[in-house]
Amino acid sequence: MLDEDTCELGLIDGVVHAAGRLRDQLIELVSPDDIEAVVGVKARAAVVLCEELERRGASQLVLVSSTSTALAPAGQVAYVAANSVLDSLGGRHGELEVVTVGYGVWGGSGMAIDSIRETALGLGRGTRVEHPVFDELIEEADGARRLVGVLDARHDWIVDEHRLSSGTAVLPGTGHLDLMLSALNISGLSTAIERVALLEPVVVGDDVPVTVRVTVAAPDARGVRAVSLESDRGDGLAWSLHSEAEHACGATPIEPSPPDVPRAADVDPLARPRRHLRLGRRWDAARSSTRAEGVVTARVALPDEISTEAAHWSLHPGLADVATACAAALDEQSDDVLLVPVTYGAV
């Protein structure tokens with residue numbers, strides 16, 4: 001990484017190392033994995049940085065330590081040890097000056113606030129997953145699986161490129177669909193849902209990230225798993241339900257067969273939505289679309305420069321939203337009304 005940064009930025013004069021992780025646990029219960037998770041990201045990384053920056057002739061390394069080394073809070077044996085390593089590195093290492101800064105609890109942000117949020121939301125310790133939104137999978141003792149992630153309008157196009165005319169970022173309905181389908185996929189289940197109900201929009205403020213959670217419940221008496229999407233509304237206090245569905249475990253894929261419709265006229269399925277929404281580049285996906293005799297036929301594809309990102313989603317929200325807009329385009333009488341889906345029979 002230092003080599004990449006040097007190629008991009010030039011000579012590195014100094015580095016700030018602010019990485020950290022909490023896994024608070026009583027010492028009788030702490031495991032080697034718990035210790036390594038905390039010590040590795042903070043202490044081991046600091047030692048490597050110090051040695052490598054000294055070798056490269058950098059002038060300064062700032063290590064963000066903690067007042068925990070003096071206060072020794074209960075349950076933070078690994079965190080205290082890791083920060084003690086940082087403190088011990090302070091001083092000169094050849095031409096490199098190493099400075100440690102001992103921070104306490106930050107007001108309104110930082111790991112302590114994150115820990116409080118995780119406790120309030122009942123978040124367990126999960127397994128890392130690869131997905132544009134989800135960060136971790138939590139497997140419950142009753143067989144339920146929970147996928148947890150964060151939506152941030154400053155970084156995530158799925159909300160940044162889908163805004164009301166007022167500028168408010170809102171997760172598109174097809175975003176609900178992908179998060180549910182992706183939760184099933186990551187859980188090792190077939191990606192099919194039915195009886196989807198979109199109950200309440202997920203609104204994401206520009207400066208307040210929103211934590212989202214999809215729960216794939218254990219099978220009920222019928223053998224059916226309920227799937228639900230919740231968010232903390234950005235306040236980290238409690239979960240609110242936004243949509244729900246059922247896992248369609250016996251569903252079979254439908255092969256599309258475009259009908260042969262004569263005298264079809266061109267139609268722009270996004271003409272009406274764009275009068276009410278600020279849509280970004282991912283919605284420039286209708287390559288062709290026609291309407292005739294109660295049928296809209298369209299070919300949708302992402303712009304060439306971002307076409308590869310579709311592979312990262314179970315159902316790309318931009319493409320799926322354009323497809324949904326094609327269905328709304330069947331209504332030729334409500335040009336001034338924004339039609340939005342509130343349910344899907346099956347996906």
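Up top is the structure these notes are about.
My aim in this report is to walk through the structure given alongside it, one point at a time. (Residues numbered from 1 in each chain as written. Predicted model: local features only at pLDDT ≥ 70, side-chain atom pairs only at ≥ 80, totals over all residues. Heavy atoms only, no water.)

## Considerations on the sheet that holds strand 18 (residues 295-300)
Note on sheets: strands pair through backbone hydrogen bonds, and any given pair is parallel or antiparallel. One open sheet accounts for 3 strands, arranged 15-17-18; its pairing is antiparallel. Each end of this open sheet is capped by a strand with a single partner; those strands are strand 15 (265-266) and strand 18. The pairing of strand 17 (residues 286-292) with strand 18 spans 6 bridges and is classified as antiparallel. Within strand 18, the position partnered with Thr-290 by the bridge is Thr-297. (Pairing = 2+ DSSP bridges. Helix = DSSP H or I, 4+ residues; strand = E, 2+ residues; numbered from the N terminus.)

## Some thoughts on unusual backbone geometry
One non-glycine residue, Arg-195, adopts positive backbone phi at about 55 degrees. One can find Arg-195 in strand 10 (residues 193-198). Phi is positive for Arg-233, close to 60 degrees, though the residue is something other than glycine. With respect to the secondary-structure elements, Arg-233 resides in the loop between strand 13 (226-231) and strand 14 (240-247). What makes Arg-233 partly exposed here is its relative accessible area of 44%. (Buried < 20%, exposed > 50% of the residue type's maximum accessible area, 1.4 Å probe, protein only.)

## Here's the deal with helix 4 (residues 77-88)
For helix 4, built from 12 residues, the straight-helix expectation of 16 Å at 1.5 Å per residue is met to within 8% by its first-to-last C-alpha distance of 17 Å. Every buried residue of helix 4 is accounted for by Ala-78, Tyr-79, Val-80, Ala-82, Asn-83 and Leu-86. (Expected span 1.5 Å × (residues − 1).)

By themselves, these observations are geometric and do not establish any function.
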